[in-house]
Amino acid sequence: MIEKNVAHPTQQSRTFLTDLVFPPDTNHHNTIFGGKVMAYVDKIACISAMRHCRKPVVTASSDSFDFLAPIKTGDAINLEAYVTCAHRTSMEVFVKVERENLLTGEKQLTARAFLTMLAIDEDGKPSNVPQVIPETEEEKQQYVQAQARYIERKKKRN
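About the criteria used
- Residues numbered from 1 in each chain as written.
- Predicted model: local features only at pLDDT ≥ 70, side-chain atom pairs only at ≥ 80, totals over all residues.
- Heavy atoms only, no water.
- Helix = DSSP H or I, 4+ residues; strand = E, 2+ residues; numbered from the N terminus.
- Expected span 1.5 Å × (residues − 1).
- Buried < 20%, exposed > 50% of the residue type's maximum accessible area, 1.4 Å probe, protein only.
- Pairing = 2+ DSSP bridges.
- Axes fitted to C-alpha atoms, helices over the stretch in contact; angles between N-to-C directions.
- Contact = heavy atoms within 4.5 Å.
- Phe/Tyr/Trp six-rings, centres within 6.5 Å; stacked < 30°, edge-to-face > 60°.
- Lys NZ or Arg CZ within 6 Å of the ring centre and 35° of its normal.

A. Focus on helix 1 (residues 34–53). Taking 1.5 Å as the rise per residue, helix 1 with 20 residues should run 28 Å; its terminal C-alpha atoms sit 29 Å apart, in good agreement. Those residues of helix 1 lying buried are V37, Y40, V41, I44, A45, S48, A49, H52 and C53. Residue R54 follows helix 1 closely and has a positive phi angle near 55 degrees.

Written out as structure tokens, the structure is:
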């Protein structure tokens, strides 16, 4: 059993999701709807945050959502998410989205986003979360950059 409020390594929250893009998922350009990608991103961020804190979470904000390339009908959509940083009751989650041509194996980064997830208790009130222990160089870099993004988010609220 994992203790809820002890610092956890980033690896504990790392989550992967792969799905196949079908025609009903796409627009008249035969590329996936942006809203569909955003729904996938929100879902995987939620799973990642819950794995980190082992509590219910809600999405507090989504920022830096960048669409970089389209995903076409027949491609696989691959998502990866992990908690980059935690504060008292909130967590920043990084989500990376890529397309994969399943016939050639070609992969391409198509989107990335940072979401803030808030842990809540049984009454829907904010609940404390464990801190993050970044281990890899990428995780350590994201952790440092998350501090600056946190300050910018706070400025926007005030």
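Continuing now.
B. A look at the sheet that holds strand 6 (residues 107–119). Strands sit in the order 2-4-5-6-3 across an open sheet of five strands; the sheet is antiparallel. On the outer flanks of this sheet lie strand 2 (15–20) and strand 3 (57–67), each paired with one strand and no other. Within the sheet, the average angular offset between the axes of one strand and its neighbour, ignoring direction, is 20 degrees. Relative to strand 6, strand 3 is paired through eight bridges, and the arrangement is antiparallel. Within strand 6, the position partnered with F67 by the bridge is A111. The strands touched by helix 1 are strand 2, strand 3, strand 4 (76–86), strand 5 (90–100) and strand 6; relative to strand 4, the strand with the most contacts, the crossing angle is about 45 degrees.

C. Geometry of the packing of aromatic side chains. All told, the structure shown has three aromatic pairs when counted by the stated rule. Pairing Y82 with F94 gives two aromatic rings, centres 5.7 Å apart and planes at 65 degrees, and the pair type is edge-to-face. Of this pair, Y82 sits in strand 4 while F94 is found in strand 5, placing the two residues 12 residues apart along the sequence. The same class applies to Y82 and to F94, which are both buried. Aromatic side chains F94 and F114 sit 5.1 Å apart centroid to centroid with 40 degrees between the ring planes, which places their arrangement in the tilted category. One end of the pair, F94, is in strand 5; the other, F114, is in strand 6, with 20 residues separating them in the sequence. Residue F114 is classed as buried on the basis of its relative accessible area, which comes to 10%. Here the aromatic cluster, defined as three or more aromatic residues joined through ring pairs, consists of Y82, F94 and F114. Stacked on the ring of F114, the Lys or Arg R149 has its end atom at 3.7 Å from the ring centre.

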